[in-house]
There are 2 protein chains.
Amino acid sequence: MLEARLNEAAILKRLLEAIKELVADANFECNEEGINLQAMDNSHVALVSVKLDATGFKRYRCDRPMPLGVNLNSLTKVLKCAKDDDVVIIKAADDADILSLTYEARNSDRIAEYDMKLMDIDADTLGIPDTDYDARVTMPSSEFSRIVRDLSQLGESVRIEVSKEGVRFVSEGEAANGNILLKQSEITTKAGSSSTKKEEDADEEEENEEDGEDEGGDGKKKAKKAKKEKVKKETGEDVSMNGEEEDDEEEFKADGEDGEEEQEEDSSSKKRKKAPAKATGKATKKAKKSKDGDDDGDLPDGVRIELNQHVNLTFSLKYLVNFSKSSSLSNVVQLMMSNDVPLLVSYEFGQGHIRYYLAPKIGDD
Amino acid sequence: MLEARLNEAAILKRLLEAIKELVADANFECNEEGINLQAMDNSHVALVSVKLDATGFKRYRCDRPMPLGVNLNSLTKVLKCAKDDDVVIIKAADDADILSLTYEARNSDRIAEYDMKLMDIDADTLGIPDTDYDARVTMPSSEFSRIVRDLSQLGESVRIEVSKEGVRFVSEGEAANGNILLKQSEITTKAGSSSTKKEEDADEEEENEEDGEDEGGDGKKKAKKAKKEKVKKETGEDVSMNGEEEDDEEEFKADGEDGEEEQEEDSSSKKRKKAPAKATGKATKKAKKSKDGDDDGDLPDGVRIELNQHVNLTFSLKYLVNFSKSSSLSNVVQLMMSNDVPLLVSYEFGQGHIRYYLAPKIGDD
DNA sequence: ACTTTGTGCA
DNA sequence: TGCACAAAGT
């Protein structure tokens with residue numbers, strides 16, 4: 001039995017609007033910690049991963065893990081029937097093939113209920129490469145959208161180069177070449193910069209775990225490897241596949257062995273030796289942030305670059321444009337990159353996140 | 001070597017948006033006085049002429065005249081990558097086949113650079129008929145857009161009739177006929193009317209030249225001929241072809257002999273015996289305006305009609321609709337007409353102008 | 001590229 | 001409540 005009550009239908013609507021073009025059908029994996037979705041795009045080039053923390057719901061109950069196989073197009077249609085500020089109640093019986101969505105108007109004088117057929121979807125839970133990233137770029141999501149939209153007019157692909165100078169997006173087309181340089185708003189290397197990050201809980205965790213190199217002053221990570229570890233954790237933390245920990249450079253692979261979102265709590269404590277109850281959500285994180293006076297916070301503008309090593313990768317703009325539809329979910333986006341490893345594009349939105357992975361084009365850097 | 005710095009990308013974006021449907025490729029003729037473009041539309045029916053005064057740029061440098069052959073579609077794409085308030089720097093080396101556009105964000109932490117291939121375009125510099133117009137209608141550009149859009153739904157062409165009564169736009173279609181009469185806001189004939197005109201320098205010149213009939217009271221021109229002379233100068237002034245002065249009724253013809261915008265100064269003084277340095281630009285004009293307390297100034301609404309002689313012409317609405325895309329460049333548009341002569345549709349926008357010429361349909365009036 | 005729909009503003 | 005602008009669909 002699943003019953004989840006969400007205060008704002010808007011979040012769900014935007015999520016589906018963002019991924020419905022990328023994926024046709026997907027399982028919403030529900031367990032007591034929340035709802036996760038993981039799927040490869042139709043052409044098996046990109047991977048999308050959505051997490052909604054149980055704590056993000058007004059009310060949440062999930063007796064036992066259950067996958068809800070959903071046709072995203074249908075769900076999008078159903079969600080369009082909700083007003084943005086409606087309260088949504090999602091319900092599914094334990095062995096039912098029906099998903100029920102109830103929309104309650106704020107004033108409660110309208111209650112709409114929709115039932116949607118569920119489907120069985122091969123649970124190809126995907127192993128997400130648990131990569132150590134060499135560069136993390138935090139920027140306004142609107143700017144990222146703008147850049148990929150602009151460059152997609154010129155060419156098929158974009159080369160993203162992160163250096164101390166900043167981030168450079170380069171696209172070469174038949175009619176014209178484009179080249180956009182974003183300088184970071186403040187300090188160039190990691191942390192210390194007072195530049196704000198975003199609702200990225202990762203940093204606090206770093207402090208807990210990797211200790212010495214907290215956000216404070218040291219511009220660079222002590223050791224590249226250490227840094228990588230951190231970065232990885234920051235982003236990899238919530239990724240629904242946790243049971244296994246391939247170090248990196250692995251392409252996405254299907255695996256059904258992870259405990260269905262039993263989630264980080266366990267695995268993180270075991271493998272990463274830190275376990276600041278991620279599931280407890282933002283409250284904890286934010287509290288920590290304010291204490292630390294760290295880089296987190298929401299920078300409306302401004303670009304932040306955290307860099308271990310020069311990266312230079314080429315990606316298909318078509319996919320990036322698609323990813324950038326998630327801008328409505330957050331004002332900030334993070335790009336995580338290491339050479340020869342899939343790019344991670346991450347939007348954090350309070351109740352969870354949506355992350356996209358995209359393998360670089362070969363013959364780049 | 002060309003280097004031009006424009007404070008607002010918007011102006012260029014709008015210009016290209018306005019003409020890209022009409023013309024595929026064109027030469028931007030650059031010289032020390034500014035940048036000019038002249039081209040016939042793809043079907044050789046209409047002619048478009050754009051002028052950007054050097055003085056309109058924040059910085060402008062052009063060592064020697066150079067034509068930049070541009071594919072307008074490509075340029076449009078590149079310009080779409082600029083935000084409206086970006087600063088644009090246009091650069092071209094002397095014998096390069098590359099045009100470089102650099103966009104600097106207001107806050108300067110984003111710099112985008114685009115390279116565009118240039119092409120060789122047959123420099124069919126066109127002779128624009130230096131017509132004496134019998135009627136000039138000044139009206140809000142939005143109103144003009146509305147009228148041609150409306151009428152284009154009914155029929156293929158519009159008959160424009162200017163009389164003392166006002167301007168009448170008539171279209172006859174299969175399903176319905178339309179007929180729009182615009183009465184002028186105040187006095188019917190020339191000048192004196194306090195009706196504002198627009199950034200139209202012409203009027204002051206009239207005063208200088210034709211004297212007696214300054215903006216003051218006399219509603220009509222003394223002599224029709226004199227009036228015509230004036231009108232011609234007013235509009236024909238900046239038109240890039242000045243060397244020759246075919247009196248009128250000539251269709252556009254290619255000619256390479258005009259000194260590439262050596263411009264009016266010379267010809268006007270010689271031929272028209274008045275030469276209030278048009279090239280010096282609006283400052284002069286405006287100063288004069290304010291002094292005279294004449295009709296100039298920007299009338300947001302209101303229609304002004306200057307008429308020597310009844311005109312009655314029929315035009316293809318398809319083209320007029322196309323021309324009216326320039327509304328974003330100016331709140332005011334001027335229509336200049338004489339019987340059996342191409343219509344001139346002119347938008348003035350501070351840094352220059354965009355003008356369209358369209359031959360009337362035969363069998364009209 | 002144009003038309004239609006939806007949203008924000010007056 | 002109506003109008004205008006912007007975004008999406010055809």
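Values in this document were obtained by computation on a predicted structure and should not be read as measured data.

## Examining the packing of helix 1 (residues 9-19) of chain B against helix 2 (residues 72-80) of chain B
How two helices sit against one another is set out by the angle between their axes and by the gap between those axes. All names here are of chain B. In the contact formed by helix 1 and helix 2, the axes pass within 9 Å of each other and the chain directions differ by 145°. For the pair helix 1 and helix 2, the crossing hand works out as left-handed. Note on element contacts: helix 2 touches helix 1 through Leu72, Leu75, Thr76, Leu79 and Lys80, opposite Leu12, Lys13, Leu16, Glu17 and Ile19. Residues belonging to the contact of helix 1 with helix 2 are distributed by class as follows: 6 nonpolar, 1 polar and 3 charged.

## Some remarks on the UniProt feature "domain: Proliferating cell nuclear antigen PCNA N-terminal" (unreviewed entry) in chain A
Look at the UniProt record and you will see "domain: Proliferating cell nuclear antigen PCNA N-terminal" (unreviewed entry) annotated at residues 1-124 of chain A. Secondary structure within residues 1-124 of chain A divides into 16% helix and 46% strand; the distance between the first and last C-alpha atoms comes to 23 Å.

## Focus on the pairing of strand 17 (residues 311-316) of chain B
All names here are of chain B. Taken across its 6 residues, strand 17 has 6 buried, putting it largely inside the fold. Both faces of strand 17 are covered, namely the face carrying Val311, Leu313 and Phe315 and the face carrying Asn312, Thr314 and Ser316. Here 6 bridges tie strand 12 (residues 157-163) to strand 17, and the two strands are oriented antiparallel to one another. Residue pairing in the sheet places Glu161 in a bridge with Asn312 of strand 17.

## A closer look at the sheet that holds strand 7 (residues 87-92) of chain B
If you trace the 9 strands from one edge of the open sheet to the other, you get 17(A)-12(A)-13(A)-14(A)-9(B)-8(B)-7(B)-1(B)-5(B), paired in antiparallel fashion. The open sheet is flanked by strand 17 (311-316) of chain A together with strand 5 (59-62) of chain B, the only strands paired with a single partner. Within this sheet the neighbouring strands show an average axis-to-axis angle of 15°, counted without direction. With 5 bridges joining them, strand 12 (residues 157-163) of chain A and strand 13 (residues 166-172) of chain A adopt antiparallel strand pairing. Residue pairing across strands places Ser163 of chain A opposite Gly166 of chain A, the latter belonging to strand 13 of chain A. Contacting strand 12, strand 13 and strand 14 (176-182) of chain A together with strand 9 (110-117) of chain B, helix 3 (residues 141-152) of chain A runs over the sheet at an angle of about 165° to strand 14 of chain A.

## Digging into the sheet that holds strand 7 (residues 87-92) of chain A
All names here are of chain A. Reading across the sheet, the 5 strands line up as 5-1-7-8-9 and stay open at both edges, with antiparallel pairing between neighbours. Edge positions in the open sheet fall to strand 5 (59-62) and strand 9 (111-117), since each of these has one partner strand only. Taking each pair of neighbouring strands and ignoring which way they run, the sheet shows an average axis angle of 15°. Running over the sheet, helix 2 (residues 72-80) touches strand 8 (98-104) and strand 9 and is turned about 20° from strand 8.

## Focus: the nonpolar core
In terms of nonpolar packing, the biggest core is built from 159 residues, with Phe169 of chain A together with Phe169 and Leu320 of chain B touching the most fellow members. In contact with Phe169 of chain B, other than residues within four places in its own chain, are Met139, Phe144, Ile147, Leu151, Val158, Arg159, Ile160, Gly178, Asn179, Ile180, Leu182 and Leu335 of chain B.

## Section: the relation of the copies chain B and chain A
By a simple turn and slide, chain B fits onto chain A: the slide is 0.6 Å along the axis, the RMSD is 0.2 Å, and the turn is 122°. Taken together, the turn and the small shift mark the pair as related by a three-fold rotation axis. For chain B, the smallest separation between a C-alpha atom and the rotation axis is recorded for Ser328 of chain B, amounting to 17 Å.

## Brief notes about the confidence of the model for chain A
Residue and element names in this part refer to chain A. Residues of chain A with pLDDT of at least 70 account for 68%, and the chain-wide mean is 75. Per-element confidence in chain A ranges from a low mean pLDDT of 34 for helix 7 (residues 282-292) to a high of 97 for strand 5. Predicted confidence is poor over residues 255-297, with pLDDT under 50, and the contacts of this stretch with residues over four places away or in other chains come to 119 contacts.

Reading guide: rules and limits
Residues numbered from 1 in each chain as written. Chains lettered and ligands numbered in written order. Predicted model: local features only at pLDDT ≥ 70, side-chain atom pairs only at ≥ 80, totals over all residues. Heavy atoms only, no water. Axes fitted to C-alpha atoms, helices over the stretch in contact; angles between N-to-C directions. Helix = DSSP H or I, 4+ residues; strand = E, 2+ residues; numbered from the N terminus. Left-handed = near helix turned anticlockwise from the far one by under 90°. Contact = heavy atoms within 4.5 Å. Nonpolar A, V, L, I, M, F, W, Y, C, P; charged D, E, K, R; others polar. UniProt positions renumbered as here; feature names shortened; annotations may be inferred. Buried < 20%, exposed > 50% of the residue type's maximum accessible area, 1.4 Å probe, protein only. Pairing = 2+ DSSP bridges. Core = buried A, V, L, I, M, F, W, Y, C linked by side-chain atoms within 4.5 Å. Least-squares fit on C-alpha atoms with pLDDT ≥ 70 in both. pLDDT = per-residue confidence, 0-100.

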